[in-house]
Amino acid sequence: MDPVVVHAVPTPWQVLGCGNYAAVLVHPHFSDIVVKVYAPGRPGRPEEVEVYNRLGQHHSFSQCLGFGENYLILKRWFGVTLYDCVHRGIPIPNKVIQDIDDALEYARARGLNPHDVHGRNIMVVDGRGVVVDVSDFLVDEDCGAWEDLKNAYNWFYRPFILPLGIKIPHAVLNLVRSSYRQSRRVRSWAKRK
Ligand SMILES: Nc1ncnc2c1ncn2[C@@H]1O[C@H](COP(=O)(O)OP(=O)(O)OP(=O)(O)O)[C@@H](O)[C@H]1O
Ligand SMILES: [Mg+2]
């Protein structure tokens, strides 16, 4: 699926980020909340509300404060995605990885199945890890995204990128991400055989 593209937003709304399903907007007069607008024809809005209901309040997850047919109102995180940290050379402490492990364990204890936990769905907020996107946590299917990300962190990021303070261009990050995705597809296909 291609990422959502925003062609225009009414003044003074601003786009905070886009994924494969939705665009996330903020209004400067209400800067501690965001509106996640699902693009026409892209599924998942009701499921995401259900996931937030099951999660309740937890320091590593946002909260759903309201919703409409194609949008959710969420608590805003003031942070930087892991993807942008690596791109901008902002150090990602090991604590962030532990926080996400704990958060996903909490989600599992609530009967959810953490899914699609990748570098754009995690943010560093004041040195702590938070999960910004829980939309696929009801998907009943294994997903190795988080384990792949942790391996990349431990074997590649921590020994090489972090000490050298290297900034990785978007093109390289996208290439790494798509090759991991491809390898996950092959692995799950091989598992089903
Ligand atoms: N609560 C939030 N506070 C601040 N920024 C946010 C928040 N939620 C999302 N974002 C930003 O918007 C981007 C897109 O949001 P999100 O990941 O929820 O969309 P999606 O279409 O469901 O993504 P995916 O393709 O991973 O399913 C995120 O990567 C992040 O940069
Ligand atoms: Mg996302």
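Residues numbered from 1 in each chain as written. Chains lettered and ligands numbered in written order. Predicted model: local features only at pLDDT ≥ 70, side-chain atom pairs only at ≥ 80, totals over all residues. Heavy atoms only, no water.

Q: Break down the coordination of the magnesium ion (ligand 2) for me, citing the residues and quoting the values.
A: Distances from the magnesium ion (ligand 2) to its protein donors, N121 (OD1) and D133 (OD), fall within 2.0 to 2.4 Å. In this pair, N121 sits in the loop between α3 (94-109) and β7 (122-125) while D133 sits in the loop between β8 (128-131) and α4 (145-164), placing the two residues 12 residues apart along the sequence. Like N121, the residue D133 is buried in the burial classification. (Donors = N, O, S within 2.8 Å, 3.2 Å for Na, K, Ca; no water. Helix = DSSP H or I, 4+ residues; strand = E, 2+ residues; numbered from the N terminus. Buried < 20%, exposed > 50% of the residue type's maximum accessible area, 1.4 Å probe, protein only.)

Q: Before we move on, could you go through the pairing of β7 and cite the residues and values that matter?
A: Here β7 shows no split at all, with I122 and V124 on one side and M123 and V125 on the other all buried. Sheet topology places strand β6 (residues 80-81) next to β7; two bridges connect them, and they run antiparallel. The residue bridging V80 from the neighbouring strand is V124, located in β7. As paired elements, β7 and β8 share four bridges and run antiparallel to each other. If you follow M123 over to β8, its bridge partner there is V130. Hairpin remark: β7 followed by β8, antiparallel, with two residues in the connecting loop; positive phi at D126, about 50°. (Pairing = 2+ DSSP bridges.)

Q: Explain the packing of aromatic side chains to me, and be specific about the residues and the numbers.
A: Per the stated rule, a full pass over the model turns up four aromatic pairs. Between F61 and Y106 the ring centres are 6.3 Å apart and the planes differ by 35°, which places this aromatic pair in the tilted class. In this pair, F61 sits in the loop between α1 (45-55) and β4 (64-67) while Y106 sits in helix α3, placing the two residues 45 residues apart along the sequence. Where F61 meets F137, the ring centres are 6.4 Å apart and the plane angle is 90°; that geometry is what we call edge-to-face. Placement of the pair is F61 in the loop between α1 and β4 and F137 in the loop between β8 and α4, with a sequence separation of 76 residues. Residues F61 and F137 agree in their burial class; the two are buried. (Phe/Tyr/Trp six-rings, centres within 6.5 Å; stacked < 30°, edge-to-face > 60°.)

Q: Which residues make up the sheet that holds strand β5 (residues 71-75), and what values do they have?
A: With antiparallel pairing, the five strands of this open sheet are ordered in space as β1-β2-β3-β5-β4. Two strands bound the open sheet, and with one partner strand each, they are β1 (14-18) and β4. Pairs of neighbouring strands in the sheet enclose a mean axial angle of 25°, with direction left out of account. With three bridges joining them, β4 and β5 adopt antiparallel strand pairing. Note on β5: the bridge partner recorded for F67 is L72. In the packing of α1 onto the sheet, contacts are made with β3 (33-38), β4 and β5, and the angle to β5 comes to roughly 30°. (Axes fitted to C-alpha atoms, helices over the stretch in contact; angles between N-to-C directions. Contact = heavy atoms within 4.5 Å.)

Q: Any details on the side chain of S60? Residues and values, ideally.
A: Checked against the element boundaries, S60 lands in the loop between α1 and β4. Those residues in contact with S60, other than ones at most four positions away along the chain, are W77, D99, A103, G129, V130 and V131.

Q: Please provide a residue-by-residue account of α4, values included.
A: The largest bend in α4 is about 65°, located at Y157, with the proline P159 one to four residues further on. Taken residue by residue, α4 has A145, W146, D148, L149, K150, Y153, Y157 and I161 as its buried positions. For α4, the elements touching its buried residues are α2 (82-88), α3, β7 and α5 (170-192). Just past α4, the residue G165 takes up positive phi, approximately 65°. (Bend = angle between axes of the 7 residues up to and from the residue.)

Q: Help me get a handle on the domain arrangement of the protein, residues and values and all.
A: How big an interface is tends to be stated in terms of the accessible area lost upon association of its parts. Partitioning the protein into structural domains gives domain 1 (14-75) and domain 2 (80-192). Of note, the centres of domain 1 and domain 2, computed from C-alpha atoms alone, are 20 Å apart. At the interface, 18 residues of domain 1 touch 18 residues of domain 2. A combined buried area of about 1,400 Å² lies between domain 1 and domain 2, and 60% of that area is made up of carbon and sulfur atoms. Taken as a group, V51, R54 and F61 account for 38% of the area that domain 1 buries against domain 2, more than any other trio of residues on that side. The tally of links from domain 1 across to domain 2 stands at one salt bridge. The tally of links between domain 1 and domain 2 comes to five residue pairs in polar contact (both at pLDDT 80 or more). Per element, the largest residue contribution to the side of domain 1 that touches domain 2 is seven residues, and it comes from α1. Considered class by class, the residues forming the side of domain 1 that touches domain 2 number six nonpolar, seven polar and five charged. (Domains from an automatic or database assignment. Buried area = accessible area lost by both parts, 1.4 Å probe. Salt bridge = Lys/Arg side-chain N within 4 Å of Asp/Glu carboxyl O. Polar contact = N/O pair within 3.5 Å; in protein donor to acceptor, adjacent residues only side chain to side chain. Nonpolar A, V, L, I, M, F, W, Y, C, P; charged D, E, K, R; others polar.)

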